[in-house]
Amino acid sequence: MALSFIGGLHIRGRKDARRSEIEKMPSPSVVTIPLSLNSEPAVSVGDAVLRGQLIGFAGGGRSYPTHSSVSGTVTAIKEKTTPNGEAEKYIVIQSDGLDAISPDVQPQTKRISEMTTDEMIDIIFRAGIVGMGGGGYPTAQKVRAALGKATRLIINGIECEPYLTSNHRVMLENSAAIINGTKILMKVLGIRQGEIAIADNKLDAANALERLAAGSELIKIRIFKTKYPQGAERQIINALTGKEIHVDKYPHDAGFVVFNVETCVAVYNAFAHGMPLIERVITVSGDCIKEPKNVMVPIGTSYAALIDFCGGFSKKPKRIICGGPMMGVTQWDLQTSVTKTTTGVLAFSEEMESRYNNPPVCIRCGRCIRVCPMHLMPNYIAMFTVRGDYINADKHGALSCIECGSCAYICPGQVPLVANIRTAKTRILQKRKAGRKSDGMSDGNAVQ
Amino acid sequence: MSQIEKKGEAAPSTLFTVSSSPHIKHEDDTRTIMLDVIIALLPALIYAVYNFGFRVLTLVFLAVGASILFEGAYQMLMKQSVVVSDISAAVTGMLIAFNMPVTAPLWLPVIGAFFAIVIVKQLFGGIGKNFLNPALAARVFMLSWAKEMTTFVEPGIKPSATAISVITSDSVSAATPLATLKIGHIPNLSIKEMLVGDHAGSIGEISALLLALGGCYLLVRKIITWHIPVSYIGTVALLTFVFSKNPLPYDYMSYQILSGGLFLGAIFMATDYSTSPLTGKGKLIFGVGCGLLTVLIRYFGAYNEGVAFSILIMNLLVFYIDKITKPRIFGSSTGIHGSAKRGKTNSPKKV
């Protein structure tokens, strides 16, 4: 029987792009590549750069190096908002269309078996790899944190968000890289067995990987029930072992480390080809996209160019979403560029809006409680938030919310539960930071 | 740093809507849920018309119409947004009519609708906020007109569909099975007649079979869960079997659960969202409580009927039941956030 967890729900997949093979997008004329937080540019305006060349040094904290995804000339270094709305430095490169590869991109000269752990982590770090499932946590740091603590390695190919099919296609078309990437990560972490988690709506991918891993005791394929949000780290671990990881703790505290399948491929590319993370697979879909596709896109490509590559719009879109429909972030224009964590670009028309026009109201149906994968009572947290009672919102576990969107999706009263809980989380954290007494916590600015 | 241009690009011509995730919605909304409840009530309604004639439709029409009218009028008067399109008032109206005998005068459903919608529902904040089931509270209120509410007729007798009142001073109520059961006798009816609803009683309560059919529809459509109907009817069954007033406990139990408003109450009234607990565990406690009170009232109360009172009493406890059945938060040892004892791993499931 397929593995599963308590809570969650089945959402119609609408994975329109599941059968379309990954198409490689030619380099666009201009790429706008974001640098990571705290990084400094490694190039100046007017410099010629090559594909794979370092253009951003890593700073401190959670930053990582950035590389050019095209060859051409740096035309500007500017500040602009990321898909998540934070201001960030971007490097604009005019492509010369040649895609000439930098001489820095060289396969590793040393054999993996001769490398020290530090050397291996350094390769991952220098390739600028981050969690490509959307988390964006630098992989080298994740590996370092998990060293010696994690005893089980899980490669996440669940892809539970509707519409998204990029991981599915990567598993089908690049199975070997995933198996090899898994082996590399096992070696780095000193873990004897890797487990690849796949939902049972992607059994073809599971079979493809199974064939490659056949007979090997090193890699096991684990099949999970198709349910949202099975792809969340804690829900995978829970389904696999029954263990529950508190929201304040990390998977490695319980002996697990989880990587996305595409991160795994990026790790393989870094070791096998010396190629840093400069392109990724993105699902372009939604009811406004003429040809839903899975596209291998150079990082920094604008949504406008990407959507043009997919035949443009079939009708006027109302919302453009970076990521999946459940947890993605809406963008206000098409100038947003593809980052290392962009899993999908979706365009939805007006018709995707709810037809129910009454003001939101909780009718106490209890569906939000049944579907919450963190076993919260979202309706109560939202109610306390609307009242400005963040103390009770906190007591009811607002900070445990993973913002998967299941509650707001299922709510027949159309209550913006996730938006309310986010407000509560922000307020509670602000309050904790300020370390003030528990008065003055209410301000009633919540979304009604 | 000097190379960095400050942001300030020209505003693009077309802007898209920016909204909070999730960006898709399940197709069910309040209206579709209420519509499903109405669909589930239809078999029982059709059977009532077959049994008691078209006066049934007149009463249902008046109760539903008055409920919608009062709701809309109240919301307009209070300058709220008028949300009668969620058709929850129509469900309340239907249940009010289901809870009265076919002989009820035509003004009674209008009074019931006023009490249910204005007093019980809207004055406490409208849908989702009322703490008593509006239709049941109206039923109890309407019992003030004792004769009008308790003059039952035998099935097949079809009172006039349009006469304001069909009760005369010498009208005699047909005995409902519950009256017989109260004194420990088995009614002179077959189990089949009880199941199908071939006996005297309120409009919507007589056919246990068709009500159960509606209940199955609601279960399949996931509008209700099994917890309340099963625990409620189960508790009544268990108690009437163990404490049977008749030497034939199995028969006595069967007639008890098929009589009165138990099926209507357990499937359609006790499961009302606003006035029942939110979690499965809470719903079980609620159902058992309803069952216990129903049997107590049926055995020792002045009325033959126990369902309405017991559900209303349990309605009052919902907030407390919710409080004690809060689910344990994922990864934590209790329902209160942050109380996971850090570092301890004595619980096998908790990290």
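Residues numbered from 1 in each chain as written. Chains lettered and ligands numbered in written order. Predicted model: local features only at pLDDT ≥ 70, side-chain atom pairs only at ≥ 80, totals over all residues. Heavy atoms only, no water.

### Section: the overall build of chain B
Scanning chain B from terminus to terminus reveals 15 helices and 1 strand. Considering only C-alpha atoms, chain B reaches an extent of 100 × 55 × 30 Å along its principal axes. Per-residue burial for chain B yields a buried fraction of 55% across its 351 residues. Within chain B, residue pairs in contact and separated by at least 24 positions form 73% of the contacts whose partners lie at least 6 positions apart. (Helix = DSSP H or I, 4+ residues; strand = E, 2+ residues; numbered from the N terminus. Buried < 20%, exposed > 50% of the residue type's maximum accessible area, 1.4 Å probe, protein only. Contact = heavy atoms within 4.5 Å.)

### A closer look at the side chain of T92 of chain B
Tracing the backbone shows T92 of chain B in helix α3 (residues 88-98). T92 of chain B gets classed as buried once you look at its relative accessible area, which sits at 9%.

### Some thoughts on the nonpolar core
Ranked by size, the top nonpolar core spans 89 residues in total, and within it V56, I96, Y232 and F268 of chain B carry the most contacts. Among the elements that make up this core, the one with the highest residue count is helix α1 (residues 30-52) of chain B (12 residues). Those residues within four positions of F268 of chain B in sequence are excluded, and the remaining contacts are V37, A40, L41, L95, L211, G214, G215, L218 and F263 of chain B. Core analysis: the next-biggest nonpolar cluster, separate from the first, contains 44 residues, I123, A127, L185 and A206 of chain A among them. (Core = buried A, V, L, I, M, F, W, Y, C linked by side-chain atoms within 4.5 Å.)

### So, the state of the cysteines
Residue and element names in this part refer to chain A. Going through the model one piece at a time under the given rule, you end up with 0 disulfides over all chains. Free of any disulfide, C362 has its nearest cysteine sulfur in C368, 6.4 Å distant. Looking at C362, the relative accessible area reads 30%, which means it is partly exposed. (Disulfide = S-S within 2.5 Å.)

### Here's the deal with the pairing of strand β7 (residues 72-81) of chain A
Residue and element names in this part refer to chain A. Summarising burial for β7: 7 of the 10 residues are buried, a large majority. Here strand β4 (residues 48-49) pairs with β7 via 2 bridges, running antiparallel. Directly across from A48, in β7, lies its bridge partner T73. (Pairing = 2+ DSSP bridges.)

### A closer look at the packing of helix α13 (residues 280-300) of chain B against helix α14 (residues 307-315) of chain B
Residues and elements named next belong to chain B. Closest axis-to-axis distance for the α13/α14 pair is 8 Å, and the angle between their directions is 140 degrees. As judged from the angle between their axes, α13 and α14 are oblique. The two elements α13 and α14 meet at a crossing, and its hand is right-handed. Across from I285, F286, G289, C290, L293, T294, I297 and R298 in α13, the residues of α14 making contact are V307, F309, S310, I311, I313, M314 and N315. Counted by class, the contact of α13 with α14 contains 10 nonpolar, 4 polar and 1 charged residues. (Axes fitted to C-alpha atoms, helices over the stretch in contact; angles between N-to-C directions. Parallel < 35°, antiparallel > 145°, perpendicular 65-115°, else oblique. Left-handed = near helix turned anticlockwise from the far one by under 90°. Nonpolar A, V, L, I, M, F, W, Y, C, P; charged D, E, K, R; others polar.)

### Concerning the packing of aromatic side chains
Residues and elements named next belong to chain B. Enumeration according to the criterion identifies 11 aromatic pairs over all chains in this entry. Relative to F131, the ring of F124 lies with its centre 4.8 Å away and its plane at 90 degrees, an arrangement referred to as edge-to-face. Assessed through its relative accessible area of 43%, F124 is described here as partly exposed. Here the aromatic rings of F141 and W145 are separated by 5.8 Å at their centres, their planes lie at 80 degrees, and the arrangement is edge-to-face. (Phe/Tyr/Trp six-rings, centres within 6.5 Å; stacked < 30°, edge-to-face > 60°.)

### Description of unusual backbone geometry
A cis geometry characterises the amide bond from Y228 of chain A onward to P229 of chain A, with omega recorded as -10 degrees. Within the element layout of this structure, P229 of chain A appears in the loop between β11 (219-224) and α6 (233-241). Of note, the amide linkage connecting S21 of chain B to P22 of chain B takes the cis form, showing an omega dihedral of -5 degrees. Within the fold, P22 of chain B resides in the loop between β1 (4-5) and α1. Positive phi values are uncommon outside glycine, yet N38 of chain A reaches one of about 70 degrees.

### Re the domain arrangement of chain A
Residue and element names in this part refer to chain A. What the domain assignment lists for chain A is domain 1 (112-272) and domain 2 (367-434). Across the contact, 7 residues belong to domain 1 and 8 residues belong to domain 2. For the pair domain 1 and domain 2, the summed buried area comes to about 580 Å², and 61% of that belongs to carbon and sulfur atoms. Three residues, Y228, Q235 and V247, lead the burial of domain 1 against domain 2; their summed loss comes to 61% of the area buried on that side. Inspection of the domain 1/domain 2 interface yields 0 salt bridges. Where domain 1 touches domain 2, the interface holds 2 residue pairs in polar contact (both at pLDDT 80 or more). Considered class by class, the residues forming the side of domain 1 that touches domain 2 number 4 nonpolar, 1 polar and 2 charged. (Domains from an automatic or database assignment. Buried area = accessible area lost by both parts, 1.4 Å probe. Salt bridge = Lys/Arg side-chain N within 4 Å of Asp/Glu carboxyl O. Polar contact = N/O pair within 3.5 Å; in protein donor to acceptor, adjacent residues only side chain to side chain.)

### Some details on the sheet that holds strand β1 (residues 23-24) of chain A
Hydrogen bonds between backbone groups are what pair the strands of a sheet, and the pairing can be parallel or antiparallel. Residue and element names in this part refer to chain A. Sheet architecture is open: 6 strands sit in the order β1-β14-β13-β17-β15-β16, paired in mixed fashion. With one partner strand each, in any of the chains shown, β1 and β16 (329-331) form the two edges of the open sheet. Sheet topology note: the β1/strand β14 (residues 293-298) ladder contains 2 bridges and is parallel. Bridging across to β14, K24 finds its partner in M296. Where helix α3 (residues 166-173) meets the sheet, it contacts β13 (279-285) and β14, and its direction lies at approximately 125 degrees from that of β13.

### Concerning the sheet that holds strand β9 (residues 152-157) of chain A
All names here are of chain A. One open sheet holds the 4 strands; their spatial order is β11-β10-β9-β12, and the pairing between them is parallel. Looking at the sheet topology across the chains shown, the edges are occupied by β11 and β12 (256-260). Across this sheet, the average inter-strand angle for adjacent strands is 25 degrees, counted without regard to direction. Sheet analysis places β9 next to β12, joined by 5 bridges and oriented parallel.

### What about empty space enclosed by the protein?
Residue and element names in this part refer to chain B. As enumerated under the stated definition, the model contains 6 cavities of 30 Å³ or more in all. Quantified by volume, the largest cavity comes out at close to 350 Å³. Around the largest cavity, the lining is made up of 24 residues, and of these M34, V91, F268, D272 and Y273 lie nearest the centre. Of all the secondary-structure elements, those providing two or more residues to the lining of the largest cavity are α1, α3, α5 (134-142) and α12 (262-269). Looking at which element gives the most residues to the lining of the largest cavity, the answer is α3, with 4 residues. Along the lines of polarity and charge, the residues of the lining of the largest cavity split into 15 nonpolar, 7 polar and 2 charged. (1 Å grid on protein atoms, 1.4 Å probe; cavity = no way out; pocket = protein on both sides within 12 Å on 5 of 7 lines; lining within 4 Å. Points joined across faces, edges and corners; volume = space filled by probe spheres on them.)

### So, the pairing of β11 of chain A
Examined bridge by bridge, strand β10 (residues 194-199) of chain A and β11 of chain A share 6 bridges and lie parallel to one another. The residue of β11 of chain A that forms the bridge with A197 of chain A is R222 of chain A.

### What to know about the environment of K89 of chain A
Residue and element names in this part refer to chain A. Inspection of the secondary structure puts K89 in strand β8 (residues 87-95). Among the residues examined, K89 registers a relative accessible area of 14% and is labelled buried. Along the chain, K89 and I77 lie 12 residues apart, while their C-alpha atoms are 7.0 Å from each other. Within polar-contact distance, the side chain of K89 engages the backbone oxygen of S39 at 3.2 Å.

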